[in-house]
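Structure assessment
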There are 2 protein chains.
Amino acid sequence: MMSNGNGHTTMKDVARLAGVSPATVSLALGNDPRVNIKTRELVREAADKLRYIPNEIGRSLRSQKTETIALIIPNTSHHVFSHPYFAKLLEGITEVLNENEYNLLLSTTAEESDEQSAYEKVLRNRRADGVIVSSASLYDRNFLRLVDSGFPVVYLGPWSNNDIYTVERDDVTGAFSATNHLLKLGRRKIVHFTGPLNHQVWRDRLEGYRLAHQQNQISINEELVIEKDLSVQAGYEGVAELLDRQIPFDALFAGNDLMAIGAMKQLLERGIKVPEQISVVGFDDIDMASMFHPTLTTVHQPMKQTGILAAQKLLGVLNGREDIEKKTVLQTKLMIRESCGG
Amino acid sequence: MMSNGNGHTTMKDVARLAGVSPATVSLALGNDPRVNIKTRELVREAADKLRYIPNEIGRSLRSQKTETIALIIPNTSHHVFSHPYFAKLLEGITEVLNENEYNLLLSTTAEESDEQSAYEKVLRNRRADGVIVSSASLYDRNFLRLVDSGFPVVYLGPWSNNDIYTVERDDVTGAFSATNHLLKLGRRKIVHFTGPLNHQVWRDRLEGYRLAHQQNQISINEELVIEKDLSVQAGYEGVAELLDRQIPFDALFAGNDLMAIGAMKQLLERGIKVPEQISVVGFDDIDMASMFHPTLTTVHQPMKQTGILAAQKLLGVLNGREDIEKKTVLQTKLMIRESCGG
DNA sequence: ATCACCTTTTAAATCGATTTAATTAATTAA
DNA sequence: TTAATTAATTAAATCGATTTAAAAGGTGAT
C-alpha cells in the first residue's frame with residue numbers, strides 16, 4: 001500500500017505517479033488557479049490512488065498553523081473530570097471544532113502548584129494556534145504573560161479590563177437570584193458553601209449572596225459562609241459539621257450542584273427533611289439535578305453554550321475577523337424545583 | 001523579548017548568542033557527550049537567557065515523533081460527554097500522559113455515521129504517535145485498517161484474536177453477578193435494558209444476563225430484553241412504556257447506571273417502591289450511584305484504572321518495551337446497596 | 001616534520017509540506 | 001518571423017529542529 005520506505009505516502013510519491021513536480025501537487029491540491037485543470041485532475045487521481053493524506057506536521061511547520069486549539073485548565077485531571085461542568089464545556093468546544101476540522105489539545109496540570117506547565121507545554125512550543133483558558137486563579141501570572149505575548153486567547157470568566165476576549169457568566173446575578181429566592185421564602189439563616197476565593201467566580205457568587213441579604217436588609221452570620229472544595233464529599237461533610245456543631249440554619253445555597261447533592265445526602269441520612277426543614281439551592285444545573293428526590297432547585301448556567309461560544313470566538317479571532325466582541329456575558333436562570341419548597 | 005522577526009526564539013537565535021553553530025546547540029541541549037562541557041554551559045546560558053523552548057513542530061518533523069497520543073472515540077461529542085464513563089477514562093489517561101509529558105489529542109466524530117473521519121483525521125496525517133480507541137462498533141472496518149497499517153493501538157474492549165493490545169472488562173461475569181444476585185433474591189421477571197447490540201460490550205452484558213438465568217434454570221421472557229440508547233432519558237421512558245403496556249416485572253438490570261437512574265426516577269414518580277416492589281441494579285458504579293435514595297446497587301468497573309492502564313500500555317509500546325501483555329482484563333465487582341433490597 | 005589519532009565543531013542533508021521567483025511553453029501582437 | 005504577453009510548471013528557499021559526515025584543531029609518537 002505505502003509508497004516510500006518510510007511507510008507513508010508523501011507528496012513526492014504523488015508527484016512521481018502524476019508525473020509532475022511536488023510544487024505542482026501542492027498547488028493542484030490547494031486548488032490554485034495557476035495550475036491547469038487537466039493537470040489538477042491528474043494529480044487528484046494520483047493522490048486518491050495512493051490514498052494520500054498530507055502530513056500535518058510538515059504543513060504546520062511551513063504554514064505556521066496547526067489547525068489545533070488548546071484547552072488549558074489550570075487544575076488537576078481529577079478535579080477537572082469530576083466536575084460535570086467541564087464535560088459540558090468540552091462537549092460544546094469539540095462540537096464546534098469538529099465542524100471546523102480543528103483538533104483539540106487538552107491540557108491539565110499534573111501538580112496543583114505549578115500551573116505554569118500547562119501553559120508552557122502548549123503555548124511556547126507552538127503546538128496550537130490559539131487557546132481557551134478555563135478561569136485561572138486570580139494570582140496566576142502565567143496567564144498574563146500569555147496574553148502579553150499576543151497569543152490568541154479566549155478566557156472563560158470575567159476579566160478586569162476590556163483587553164481580552166472572554167466568555168463569562170453573570171455569577172453575581174445568578175447567586176443573587178438564588179439567595180433572594182430563599183430569603184423571599186422566609187429563610188433567614190442561609191448557609192453558603194463557596195469555592196476557593198482566589199478565583200473570581202467564587203467571589204462573585206459570594207457577592208451575589210451578600211447583595212441579596214443587603215437588599216432584603218438581612219444581616220449575614222459570617223459563620224455560615226464556608227469555603228469548600230466543590231466536591232460532593234465537601235457538601236456531605238460540610239453539613240455534618242454544621243449539624244454536629246449545632247449551628248442553626250434553615251437553608252443552604254451551595255456554590256455548585258455537587259456540593260448541594262452531598263449536602264442533601266447528609267440531611268437525608270440525618271432524617272432532616274428537605275425542603276420542609278432546610279431549603280437547598282445549588283448552582284450549575286447539571287443533568288442529575290432533576291433526578292434527585294427532591295429535585296434540586298438550582299441556578300442554570302449554559303455550560304455547553306459556553307464551550308460553543310468560546311470555540312467560535314477563538315476560531316473567529318484566528319480567522320482574522322474584526323467584528324468579534326471582546327466580552328460575551330451569558331445569563332443564568334434560576335430553576336425552581338422541589339428542594340427549596342415554596 | 002523575542003529574538004527574531006517571527007516572534008519566537010529559535011535555535012538559530014541561541015546559536016548566534018552563544019557564538020556557536022545551530023548543530024552545536026542541538027547537541028549541547030541534548031547532552032551529547034561529543035560537545036565540550038564548557039561549550040554546553042555556554043549554550044545553556046544563552047538558551048536560558050532567551051527563554052528558548054524548542055518548537056515541537058520542527059522537532060516532530062525531523063524525529064518523526066509527536067509526543068502526543070490520540071484518544072479516538074467513534075461517537076458524537078454529545079454521547080461522549082454525557083457519559084461519566086468517559087470522564088473517568090479521560091481522567092486516568094491524562095494523569096498518565098501528564099506524568100510522561102505527553103499530550104492528548106481528543107477525537108470524536110461529528111456525525112454518528114462516518115466513524116471514518118475520527119480515524120483519518122488523527123492517524124493518517126501523523127499527528128499522534130499512537131492511539132487509544134474506545135470500543136468501536138463490531139462492523140467498524142476503519143479500526144481494522146488502522147491496526148493493519150501497524151500503527152500502535154490500544155483497544156478498549158475485548159477483541160477476537162490476540163493480535164492487538166487491549167484493556168477490557170469481564171462484562172459477562174459482571175452482568176452475571178448482577179443478574180444472579182437478583183435471581184437469588186427471588187426475582188423472576190427481570191427486565192434488561194441493553195445498549196446497541198452492534199457493540200461487543202452490550203452483547204457481553206446480555207450474555208451474562210442470560211447465563212445467570214440459565215444457571216438458575218429460569219427461562220427468560222424475551223419481551224423483557226430491550227435495546228436502549230444508554231441515556232437517563234431512555235431509562236425513564238423505558239420504564240414508563242413497560243408500565244403503560246402493563247408488562248409485569250419485578251426487577252430491572254440496566255446496562256448502565258444512567259439508565260438505572262432514569263428508571264428509578266420513573267418508578268418513584270409512579271409511586272412504585274424501590275426495592276420493595278421492583279429491584280434495580282445498574283452497571284458502572286458512577287460517583288452519583290451512592291447519592292441517590294435508595295442508593296444504587298451496581299456493578300463496579302474501574303473506569304479510571306482502565307484509562308491509566310491503557311495509557312501506560314500504549315506508552316510502553318511506543319517505548320519499544322517487549323514485556324507488555326497483549327490483553328489486560330479488569331474485573332468488576334458487584335456493589336450491593338439499597339436499590340435491590342435483600 | 002610528518003603521520004596517526006582524538007576531541008570538538010560545523011556544514012549540509014533531512015523530515016514534508018508551502019510559496020516565491022524563475023523558467024519554460026504557448027499564444028498573441030507587431 | 002520575431003518580440004511581447006500570458007499561462008503553466010518547476011526549482012529552490014523556507015519553516016525549526018536533528019543527525020550524519022566532514023572538517024578543523026590539538027596531542028603525542030615516530
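Here's a quick rundown of the structure. On a predicted model such as this, the values are computed, not experimentally measured, just so you know.

**Focus: the protein's contact with DNA strand D**
Residues in contact with DNA strand D amount to 26 residues; listed here are only the nearest, A:Thr39, A:Arg62, B:Met11, B:Ser26 and B:Asn55. When atoms of DNA strand D within 4 Å of the protein are split into backbone and base, the sugar-phosphate part holds 61%. Within the backbone of B:Met11, a nitrogen or oxygen atom sits 2.5 Å from a phosphate oxygen of DNA strand D. The separation between a base oxygen of DNA strand D and a polar side-chain atom of B:Arg62 is 2.8 Å. Counting only elements with at least two residues in the surface near DNA strand D, the list comes to helix H2 (22–29) and helix H4 (56–63) of chain A together with helix H2 (22–29) and helix H4 (56–63) of chain B. Broken down by element, the surface near DNA strand D gets its largest block of residues, four residues, from H4(B). Broken down by class, the residue content of the surface near DNA strand D amounts to eleven nonpolar, ten polar and five charged.

**So, the interface of chain A and chain B**
Contacts between the two partners involve 53 residues from chain A and, on the opposite side, 52 residues from chain B. The interface formed by chain A and chain B includes zero salt bridges. Taken together, the connections running from chain A to chain B amount to ten residue pairs in polar contact (both at pLDDT 80 or more). If you list the elements that add at least two residues to the side of chain A that touches chain B, you get H4, helix H5 (77–82), helix H6 (84–99), strand S2 (103–108), helix H7 (116–123) and helix H12 (257–269) of chain A. Tallying contributions element by element places H6(A) first for the side of chain A that touches chain B, with six residues. Residues belonging to the side of chain A that touches chain B are distributed by class as follows: 21 nonpolar, 21 polar and eleven charged. With three bridges joining them, S2(A) and strand S2 (residues 103–108) of chain B adopt antiparallel strand pairing. Directly across from A:Leu106, in S2(B), lies its bridge partner B:Leu104.

**Looking at the sheet that holds strand S9 (residues 279–284) of chain A**
Residue and element names in this part refer to chain A. Strand order in this open sheet of six strands is S7-S6-S8-S9-S10-S12, and the pairing throughout is mixed. Of all the strands in the sheet, just strand S7 (225–227) and strand S12 (333–335) have a single pairing partner and so form its edges. Looking at each pair of strands side by side, their axes are set apart by 20° on average, direction ignored. Relative to S12, strand S10 (residues 297–300) is paired through three bridges, and the arrangement is antiparallel. Note on S12: the bridge partner recorded for His300 is Lys333. The sheet strands contacting helix H10 (residues 200–215) are strand S6 (190–194), S7, strand S8 (251–254) and S9, and the helix crosses S6 at an angle near 165°. Against the sheet, helix H11 (residues 232–244) touches S6, S7 and S8, its axis set at about 140° to S6.

**With respect to the relation of the copies chain A and chain B**
Between the two copies, chain A and chain B, the superposition gives an RMSD of 0.2 Å; the rotation angle is 180° and the shift along the axis is 0.1 Å. Look at the turn and shift together and you get a two-fold axis relating the two. Relative to the rotation axis, the closest C-alpha in chain A is found at A:Leu105, a distance of 2.5 Å. A share of 98% of the interface residues of chain A reappears at the interface of chain B, consistent with the copies meeting face to face through the same patch.

**Notes on the nonpolar core**
Membership of the largest hydrophobic core comes to 156 residues, with the highest contact counts inside it found for A:Ile132, A:Met288, B:Ile132 and B:Met288. In this structure, B:Ala70, B:Ile72, B:Val131 and B:Phe143 belong to the second largest nonpolar core, which totals 28 residues.

**Description of the sheet that holds strand S12 (residues 333–335) of chain B**
Residues and elements named next belong to chain B. Within the open sheet, the six strands sit side by side as S7-S6-S8-S9-S10-S12. Their pairing is mixed. Edge strands, defined here as strands with exactly one partner in the open sheet, are strand S7 (225–227) and S12. Across this sheet, the average inter-strand angle for adjacent strands is 20°, counted without regard to direction.

**Points about the environment of A:Ala234**
Its location among the elements puts A:Ala234 in helix H11. Not counting residues within four places of it along the chain, the set of residues in contact with A:Ala234 comprises A:Lys228, A:Asp229 and A:Met259.

**Looking at the side chain of B:Lys88**
All names here are of chain B. Following the sequence through the fold, Lys88 ends up in helix H6 (residues 84–99). For Lys88, a relative accessible area of 15% translates into the label buried. At 3.2 Å, the side chain of Lys88 and the side chain of Asp287 are in polar contact. Setting aside residues up to four positions removed in sequence, Lys88 forms contacts with Asp287, Met303 and Lys304.

**Comments concerning the protein's contact with DNA strand C**
Inspection of the region around DNA strand C gives 26 residues, with A:Met11, A:Ser26, A:Asn55, B:Thr39 and B:Arg62 positioned closest. For DNA strand C, the fraction of atoms within 4 Å of the protein that belong to sugar or phosphate moieties is 62%. One of the side-chain nitrogen or oxygen atoms of B:Thr39 is found 2.6 Å away from a phosphate oxygen of DNA strand C. Here a base oxygen of DNA strand C and a side-chain polar atom of B:Arg62 are 2.7 Å apart.

**Details of unusual backbone geometry**
A negative phi angle characterises most non-glycine residues, just as the trans form characterises most peptide bonds. Across the junction of A:His293 and A:Pro294, the peptide omega takes the value 0°, indicating a cis bond. Turning to its location among the elements, A:Pro294 is positioned in the loop between S9 and S10. Positive phi, close to 55°, is recorded for A:Gln217, a residue that is not glycine. Along the chain, A:Gln217 falls in the loop between H10 and S7. With relative accessibility at 75%, the residue A:Gln217 sits in the exposed group. Notably, B:Gln246 is not glycine yet its phi reads approximately 55°, a positive angle.

What counts, and at which threshold
- Per-chain numbering applies: the sequence of each chain, read as written, is numbered from 1 onward.
- Here chains are named by letter from A upward and ligands by number from 1 upward, in the order in which they appear as written.
- Totals for whole chains, interfaces and linings use all residues, but because this is a predicted model, local features are given only for residues with pLDDT of at least 70 and pairs of side-chain atoms are given and counted only at 80 or more.
- Excluding hydrogens and water, the side-chain values take into account all heavy atoms of the structure.
- Being near a molecule or strand, for a residue, means having at least one of its heavy atoms within 4 Å of it.
- Here a polar contact means two N or O atoms within 3.5 Å. Within protein one must be a hydrogen donor candidate and the other an acceptor candidate, and residues neighboring in sequence count only if both atoms are side-chain atoms.
- Each helix is a run of DSSP H or I of at least 4 residues and each strand a run of E of at least 2, with the numbering of both proceeding from the N terminus.
- In this classification, the charged set is Asp, Glu, Lys and Arg, the nonpolar set is Ala, Val, Leu, Ile, Met, Phe, Trp, Tyr, Cys and Pro, and all remaining amino acids, among them Gly, are polar.
- We call two residues contacting when some pair of their heavy atoms lies within 4.5 Å.
- Put simply, a salt bridge is a Lys or Arg side-chain nitrogen that is within 4 Å of an Asp or Glu carboxyl oxygen.
- Pairing between strands requires that DSSP locate at least two bridges from one strand to the other.
- Each axis is a line fitted through C-alpha atoms, taken for helices only over the stretch in contact, and angles between the N-to-C directions span 0 to 180 degrees.
- When the copies are superposed, the least-squares fit draws on C-alpha atoms of residues that have pLDDT of at least 70 in both.
- Buried Ala, Val, Leu, Ile, Met, Phe, Trp, Tyr and Cys residues form a nonpolar core when they are joined through side-chain atoms within 4.5 Å.
- Note on classification: 1.4 Å probe, protein chains only; a residue is buried when its accessible area is under 20% of the maximum for its type, exposed when over 50%, partly exposed between these limits.

Function-wise, these values are silent; they only describe arrangement.
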